[in-house]
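Fold and geometry: a report
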Amino acid sequence: MVSVASWNINSVRLRMPIVAQFLTEQAPDVLCLQEIKTVEETFPFEAFNALGYTHHAVHGQKGYHGVATVSRIPMKEFSRHDWQDNGEARHVGVELTGAGQDMVIENVYVPAGGDIPDREQNPKFGQKLDFLGRMTDWAGKIARPTLIVGDFNIAPLESDVWSHKQLLKVVSHTPLEVEVLKRFQDAHGWVDVGREFIRDPERYFSWWSYRSKDYRTGDRGRRLDHMWASPELAAKATSHTVHEDCRGWEKPSDHVPLVTEFDL
DNA sequence: ATGGTGGCGGAGCCA
């Protein structure tokens, strides 16, 4: 059995106490973090080592973005892509080399895309679409069983948002983004593992904005985080859990961790 | 229609 977690942590240094709590309580084999907001030189390697997570692949950046994958089972860095073609740290890939060997885990932080869903008025929106376009080209060439996880910054289904109607023109849920994400999915035949276990139209959120006193008020969440697998790998998934309680922890991230278990 | 909060780093950018 191999378990993999994904969590947009919004500063790994500030959030290390709750990361430690999560790893102690849930003990996933592999943890993929997004928005670590630090460079490799100041990544808390020792804190992860002390928790038994002695294998690391860190693609950091000063102040913004940044991803890291840590593991308590053997793995090694496999790839680093710059799908935005601008030097931002938004991807790191690893391959497991012990249990679950042959499995590749791609950890990605898709650009949020700014506020206006129009690439003419808002270059960030265009960059988001282009990032996904390059990811789609890459996905068409994958030759190994792969799990891609992370903050996709898109909630594709109506049941992935608190109000489909009110979010149709809000970046993350526009029909154009949903279409571009679908093209990415079709390029490899990715299976949306989370939705295999929490089936549409059941409510599934992974993010709640900081901009409200209590995130529970109105439950205005979105599913921005995903775990998608190659078909042969998805067939081996045995469970999937959304740890919503972490949103209510001390000094929380605005995202919560997802965990998938595989019978490998 | 608007503004609401948070992190980094020490102003303004990003989300």
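Residues numbered from 1 in each chain as written. Chains lettered and ligands numbered in written order. Predicted model: local features only at pLDDT ≥ 70, side-chain atom pairs only at ≥ 80, totals over all residues. Heavy atoms only, no water.

A separate point is the UniProt feature "active site" (unreviewed entry) in chain A. Those residues carrying the UniProt feature "active site" (unreviewed entry) are Tyr109, Asp151 and His255 in this numbering. With the annotated positions falling across 147 residues, the maximum pairwise C-alpha distance of 12.6 Å places them together in a single cluster. You can see Asp151 is positioned in strand E8 (residues 146-151). Relative accessible area serves as the criterion here: at 1%, Asp151 is assigned to the buried category. For Asp151, the contacting residues outside a window of four places in its chain are Asn8, Gln34, Val108, Tyr109, Val110, Leu224, Asp225 and His255. Assignment of secondary structure puts His255 in the loop between strand E13 (237-242) and strand E14 (258-262). Setting aside anything within four residues of it in sequence, one finds His255 in contact with Trp7, Asn8, Asp151, Ser206, Trp207, Leu224 and Asp225. Polar contacts involving the side chain of His255 include one to the side chain of Asn8, which spans 3.5 Å. (UniProt positions renumbered as here; feature names shortened; annotations may be inferred. Helix = DSSP H or I, 4+ residues; strand = E, 2+ residues; numbered from the N terminus. Buried < 20%, exposed > 50% of the residue type's maximum accessible area, 1.4 Å probe, protein only. Contact = heavy atoms within 4.5 Å. Polar contact = N/O pair within 3.5 Å; in protein donor to acceptor, adjacent residues only side chain to side chain.)

Here the focus is helix H5 (residues 175-188). Between its terminal C-alpha atoms H5 stretches 21 Å, which fits the 20 Å expected from 14 residues at 1.5 Å a residue. Turning to H5, its buried residues number three or more, namely Glu177, Val180, Leu181, Phe184, Gln185 and His188. Seen along its axis, H5 keeps its buried residues to an arc of 145°; they face one direction. For H5, the secondary structure elements touched by its buried residues are helix H3 (123-139), E8, strand E9 (191-192), strand E12 (225-229) and helix H7 (231-234). Gly189 occupies a position one or two residues after H5 and carries a positive phi of about 75°. (Expected span 1.5 Å × (residues − 1). Arc of directions from axis to C-beta.)

Around DNA strand B, 17 residues are found, and the nearest of them are Ser11, Leu14, His65, Arg90 and Arg211. Those atoms of DNA strand B that come within 4 Å of the protein belong to sugar or phosphate at a rate of 64%. Note that a phosphate oxygen of DNA strand B is positioned 3.5 Å from one of the side-chain N or O atoms of Lys62. Between DNA strand B and Tyr64 there is a distance of 3.4 Å, counted from a base oxygen to a side-chain nitrogen or oxygen. Considering only residue class, the surface near DNA strand B consists of 5 nonpolar, 4 polar and 8 charged. (Near = heavy atom within 4 Å. Nonpolar A, V, L, I, M, F, W, Y, C, P; charged D, E, K, R; others polar.)

Let's shift gears to the sheet that holds strand E3 (residues 55-59). A sheet is described by the order of its strands in space; here 6 strands give the open sequence E3-E4-E2-E1-E14-E13, paired in mixed fashion. Only two strands of the sheet have a single neighbouring strand rather than two, namely E3 and E13. Ignoring strand direction, the axes of neighbouring strands in this sheet form an average angle of 10°. With 5 bridges connecting them, E13 and E14 associate as antiparallel partners. Bridge pairing links Ser239 to Glu261 in E14. Relative to the sheet, helix H1 (residues 16-26) contacts strand E1 (2-8), strand E2 (30-34) and E14, its axis offset from that of E1 by approximately 160°. (Pairing = 2+ DSSP bridges. Axes fitted to C-alpha atoms, helices over the stretch in contact; angles between N-to-C directions.)

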